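# Structural overview
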4 protein chains.
Amino acid sequence: MPHRKFFSYPFRVYIEDTDAGGIVYHANHLKYMERTRTEWLRAQGIDHYLFSGENNALDTSQLTNDQESLLKSSFSFVVHQLQITYHQPAIMDDLLIVTIEAVSCGAASFVLKQRIERDDTINGVVKRVIIATAAVTLACLNGKLKPRRLPDNIRDLVQLALQD
Amino acid sequence: MPHRKFFSYPFRVYIEDTDAGGIVYHANHLKYMERTRTEWLRAQGIDHYLFSGENNALDTSQLTNDQESLLKSSFSFVVHQLQITYHQPAIMDDLLIVTIEAVSCGAASFVLKQRIERDDTINGVVKRVIIATAAVTLACLNGKLKPRRLPDNIRDLVQLALQD
Amino acid sequence: MPHRKFFSYPFRVYIEDTDAGGIVYHANHLKYMERTRTEWLRAQGIDHYLFSGENNALDTSQLTNDQESLLKSSFSFVVHQLQITYHQPAIMDDLLIVTIEAVSCGAASFVLKQRIERDDTINGVVKRVIIATAAVTLACLNGKLKPRRLPDNIRDLVQLALQD
Amino acid sequence: MPHRKFFSYPFRVYIEDTDAGGIVYHANHLKYMERTRTEWLRAQGIDHYLFSGENNALDTSQLTNDQESLLKSSFSFVVHQLQITYHQPAIMDDLLIVTIEAVSCGAASFVLKQRIERDDTINGVVKRVIIATAAVTLACLNGKLKPRRLPDNIRDLVQLALQD
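Residues numbered from 1 in each chain as written. Chains lettered and ligands numbered in written order. Predicted model: local features only at pLDDT ≥ 70, side-chain atom pairs only at ≥ 80, totals over all residues. Heavy atoms only, no water.

### A look at the overall build of chain A
The secondary structure content of chain A amounts to three helices and seven strands. Secondary structure of chain A in N-to-C order comes out as β-α-β-β-α-β-β-β-β-α. Residue burial in chain A is summarised as follows: out of 164 residues, 54% are buried. Restricting to contacts in chain A with at least 6 residues of sequence separation, those with at least 24 account for 65%. Looking at chain A as shown, the accessible area adds up to about 6900 Å², and 51% of this sits on carbon and sulfur atoms. (Helix = DSSP H or I, 4+ residues; strand = E, 2+ residues; numbered from the N terminus. Buried < 20%, exposed > 50% of the residue type's maximum accessible area, 1.4 Å probe, protein only. Contact = heavy atoms within 4.5 Å. Areas by Shrake-Rupley, 256 points an atom, 1.4 Å probe, with all protein chains shown as cover.)

This is the structure:
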C-alpha cells in the first residue's frame, strides 16, 4: 500500500468508553490513538507487536498466531511523551475518525501528530468537529526495556510519510 | 434489515485489551459481547441507549447527537445475570467474531446466548475456534433504575429471532 | 496470617469505573473481584503472579521487582468459568467491600464465591447492601497455557479455608 | 485538614492495568492521576463530582448516596490539556505513589503538576524512582458542558496550595 501523509481510521464509541459525566472518559482517547497507530502499521504490512529479528518489525505475511513470538520479541514501541488537548466531548455512539500525521523521525524515536474528529450533520451540512489533538513521541525499546535503534522498515515508513 | 437467528460482528483485539499474561484480560470479553448487542440493535434501526418514549427504543432515523436525549431517557438495559466459560485465550491482534442468539423473552427481561470465536488457518484449512461462550440476561429498567416492561419494538425483535 | 473462611477487601469506585448510565459498568465488577483474590493471596504471603518453581507460588519474602521473573513464570491462574448476578447498581464514590469464600478445591482448579457489597447509612442505621454475587472457577495453567496441577501452597490455603 | 503544597496517595497495580508488554498500559497512568485528584479534594471535605449549587462543590458532610444529585449537578471538571512523560515502566504488583502539586489558578481553570513514583529497595536502601511526570489543566464546565467560573471553595483550595 502506498505511504500517505495522513492515515485515518474510524472507531465507534461504545458505552464502555463513557463515564458518569455522559462523555468519553479522558484516558480513553489515548486508546483510540494507539489503535490507529496499530492500523497504520498494519496497512503497511507491519505488525509491530510481533518481532522476528533485530532490524525489522514482522511482515504480516509471516504472521503466526503463536504466543511464543510475543515472548521472544526483541523490541517494542512505547509512548515516551504525549500531549493532548481536549476540545469537544465525544459521546456514546459517536463514530470517531482518528488521524496520524508524521512530524519527525530520529534514530530511536519518532513523533506523530494525531487528531480525533467527528463528522456532524447540522441542517443537512456535514461539519468536521475536532474532539482532541495530540502529539505523541514513540520510542523503541529492546527486550530488556532499554532504548534501541528504530527498525529499518519503520524508520523508512516514517521518513517517507515526512516527505509528503 | 430482516431479523436473523444469529447475529455476528467482528472486533479486533488491541494491546489495551491484553494483560501481562499475554492474553485478553477476562473482563474484556464482556465488553466485546456488549458491543455486539449494541450493533445487533443498530442493525435493526434501534439505538437502545437513546429513548424517546415509554414504549419504544428510539428509531435511528430520529437520532440526534444531543446530550439531553441521554439524560431524558426513561429507561435503559442492564445486565442482570451473566455466565461465561472461557475456553481458549484470545491474544493481541486476533480478529474475534462475536455472536448473539436469542434464547428466551419475558415481560421485563430476555436471555441471549453469546459466543466469542476466532477463525484460525492451520495448514491452509480454516478452523473456527471457540474462545468463550456465555448466557446473558438483560433487564429493562426505568429512569429511576427500577424494573419496567420491555419496549414493544425490542420484544418484537427478540420474539421474531426466537421463531427462527 | 491465620487463614479465614471469609476474606474481605475494600475498593473505592472512581469515575473511570462508571458509564454514561451513571453506574459502574458491568464488566468492572470482575476487576474488583480479581483484585480481591490478589489481596487474599498477598495476605497469605503469596504473590501468585510471580512463580519461581513448579510446585509453589512465590513467597513474597523472595519477591524482586524484576521483569524477568514474570517472563520465567511456569504457571498462572486464569478464570475458567464465572457466573455473576447484579443486584443493585454501584455508583461513583461508593466504597465497595468485596468478599471471598472458598467453595471447593480440585486437582487443577478451585471455586470461590464472591460478593460485592456496600454499607449504606439510612436514618443513622448501617445496612449492608448486596451489589453483586458471583461464583468463580479458577484453573491453573502452565507456561504454555495448558492445564496443570495447583501449586501445593495454594491448594493448602484453599482446603484450610474450606474446613472453617 | 490543613492544605499542603504536595498531596500524595498510593495505588496498587493490578493485572487489569497491565498489557501484553508486561507493563502498565500507557493510558492507565491517567487513571491513577485522576484518582489522586479525587482523593485530594476528598481530603479537603470536597466531593467534586456532586454539586449542590452554583458556587460551591458539595461538602461531604451533606453527601447522599443519591443518583439524582449527579444528574442535577450544575457543573463538572474536565481535563482540558495534559502532557505526560513516561520515564520508567510500572509493572504488576507495584505500589505507586501519585502526587499533586498546584502550579497556577485562573478564573475557570487551574494547572496541576502530577508525579507517579515508586519506592524501590536496592541492597537495603530505599530509592524513589520516577515512573511518570505530568502537567494537567483542569477546566470547569456547567451542566451544558460550557466553560464556567471555578467554584469558590476549589479556587480557595488551589490558591492556598500555591502560597506554600
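There is more to say after this.
### So, the relation of the copies chain D and chain A
Turning chain D through 180 degrees and shifting it by 0.0 Å along the axis lays it on chain A, with an RMSD of 0.0 Å. Each copy turns onto its partner about a two-fold axis. For chain D, the residue whose C-alpha comes nearest the rotation axis is Gln83 of chain D, separated from it by 2.1 Å. By residue overlap, the copies meet face to face through one surface: 100% of the interface positions of chain D are interface positions in chain A. (Least-squares fit on C-alpha atoms with pLDDT ≥ 70 in both.)

### Some words on the pattern of salt bridges
A full pass over the atoms with the stated rule returns 40 salt bridges over all chains. Asp93 of chain B is paired through a salt bridge with Arg42 of chain A; the nearest N and O atoms lie 3.0 Å apart. Of this pair, Asp93 of chain B sits in the loop between β4 (75-86) and β5 (95-105) while Arg42 of chain A sits in helix α1 (residues 28-43), placing the two residues on different chains. For the pair formed by Asp93 of chain B and Arg42 of chain A, the shared burial category is buried. In this structure, Asp94 of chain B engages Arg118 of chain B in a salt bridge whose closest nitrogen and oxygen atoms are separated by 2.8 Å. (Salt bridge = Lys/Arg side-chain N within 4 Å of Asp/Glu carboxyl O.)

### Remarks on empty space enclosed by the protein
A water-sized probe rolled over the atoms picks out the places where empty space is left. What the rule picks out here adds up to four cavities of 30 Å³ or more. Computed from the structure, the largest cavity encloses a volume of approximately 370 Å³. Lining the largest cavity are 31 residues, and of these Asn28 and Lys31 of chain A, Lys31 of chain B, Lys31 of chain C together with Lys31 of chain D lie nearest its centre. Residue assignment for the lining of the largest cavity shows that the elements contributing at least two residues are α1 of chain A, α1 (28-43) of chain B, α1 (28-43) of chain C together with α1 (28-43) of chain D. (1 Å grid on protein atoms, 1.4 Å probe; cavity = no way out; pocket = protein on both sides within 12 Å on 5 of 7 lines; lining within 4 Å. Points joined across faces, edges and corners; volume = space filled by probe spheres on them.)

### Some points on the interface of chain D and chain A
Listed as interface residues are 19 residues of chain D and, on the opposing side, 19 residues of chain A. Considering only the side of chain D, the residues that lose the most area to chain A are His26, Leu30 and Tyr86 of chain D, jointly responsible for 24% of the buried surface there. Applying the counting rule to chain D against chain A returns zero salt bridges. Joining chain D to chain A, the criterion identifies six residue pairs in polar contact (both at pLDDT 80 or more). Elements with a minimum of two residues in the side of chain D that touches chain A: α1 and β4 (75-86) of chain D. (Buried area = accessible area lost by both parts, 1.4 Å probe. Polar contact = N/O pair within 3.5 Å; in protein donor to acceptor, adjacent residues only side chain to side chain.)

### Some details on the interface of chain D and chain C
In many reports, interface size means the accessible area that the parts give up when they come together. On the chain C side, the residues contacting the 26 residues of chain D number 26 residues. For the pair chain D and chain C, the two sides together bury roughly 2300 Å², of which 48% comes from carbon and sulfur. The tally of links between chain D and chain C comes to six residue pairs in polar contact (both at pLDDT 80 or more). Secondary structure elements with two or more residues in the side of chain D that touches chain C: β1 (6-12), α1, β2 (46-51), α2 (67-72) and β6 (109-122) of chain D. At six residues, the largest contribution of residues to the side of chain D that touches chain C is made by α1 of chain D. Here the residues of the side of chain D that touches chain C sort into nine nonpolar, five polar and twelve charged. (Nonpolar A, V, L, I, M, F, W, Y, C, P; charged D, E, K, R; others polar.)

### Quick word on the environment of Ala108 of chain B
Residues and elements named next belong to chain B. Tracing the chain through its elements places Ala108 in the loop between β5 and β6 (109-122). On the accessibility criterion, Ala108 (29% relative accessible area) is partly exposed. Residues Ala108 and Lys5 lie 103 residues apart in sequence; the distance between their C-alpha atoms is 21 Å.

### What about the packing of aromatic side chains?
Evaluated as defined, the whole model comprises 20 aromatic pairs over all chains. When the ring of Phe11 of chain A is compared with that of Tyr32 of chain A, the centres are 6.4 Å apart and the planes differ by 20 degrees; the resulting orientation is stacked. Within this pair, whereas Phe11 of chain A is found in strand β1 (residues 6-12), its partner Tyr32 of chain A is found in helix α1, the two being separated by 21 residues in sequence. Take Phe11 of chain A and Tyr32 of chain A: they sit in the same class, and that class is buried. Arranged with centres 5.3 Å apart and planes meeting at 45 degrees, the rings of Tyr9 of chain C and Phe11 of chain C form a pair that is tilted. Members of the aromatic cluster, each reached through a chain of ring pairs, are Phe7, Tyr9, Phe11 and Tyr32 of chain A together with Tyr14 of chain B. Above the face of the Phe11 of chain B ring, Arg35 of chain B is positioned so that its terminal group lies 5.3 Å from the ring centre. (Phe/Tyr/Trp six-rings, centres within 6.5 Å; stacked < 30°, edge-to-face > 60°. Lys NZ or Arg CZ within 6 Å of the ring centre and 35° of its normal.)

### Details of α1 of chain D
All names here are of chain D. Between its terminal C-alpha atoms α1 stretches 23 Å, which fits the 22 Å expected from 16 residues at 1.5 Å a residue. Among the 16 residues of α1, 15 are classified as buried, and the element is accordingly described as predominantly covered. The first or second residue beyond α1 is Gly45, which carries a positive phi of 80 degrees. (Expected span 1.5 Å × (residues − 1).)

### Describing unusual backbone geometry
At Asp93 of chain A, a position not held by glycine, the phi torsion is positive, near 80 degrees. Residue class for Asp93 of chain A comes out buried when judged on its relative accessible area of 12%.

### Some details on the side chain of Arg42 of chain B
Of note is the side chain of Arg42 of chain B, whose polar atom sits 3.0 Å from the side chain of Asp93 of chain A. The contacts of Arg42 of chain B, once residues within four sequence positions are left out, are Arg12, Tyr14 and Asp93 of chain A.

### Re the confidence of the model for chain A
Residues and elements named next belong to chain A. When pLDDT is averaged along chain A, the result is 84; 80% of the residues meet or exceed 70. In the model, residues 50-65 has pLDDT below 50 throughout and makes 48 contacts with residues more than four positions away in sequence or in other chains. Long-range and interchain partners of residues 67-73, a stretch whose pLDDT sits below 50, account for 14 contacts in this model, where long-range means more than four residues apart. Prediction confidence for the complex, expressed as pTM and ipTM, is 0.88 and 0.85 respectively. (pLDDT = per-residue confidence, 0-100.)

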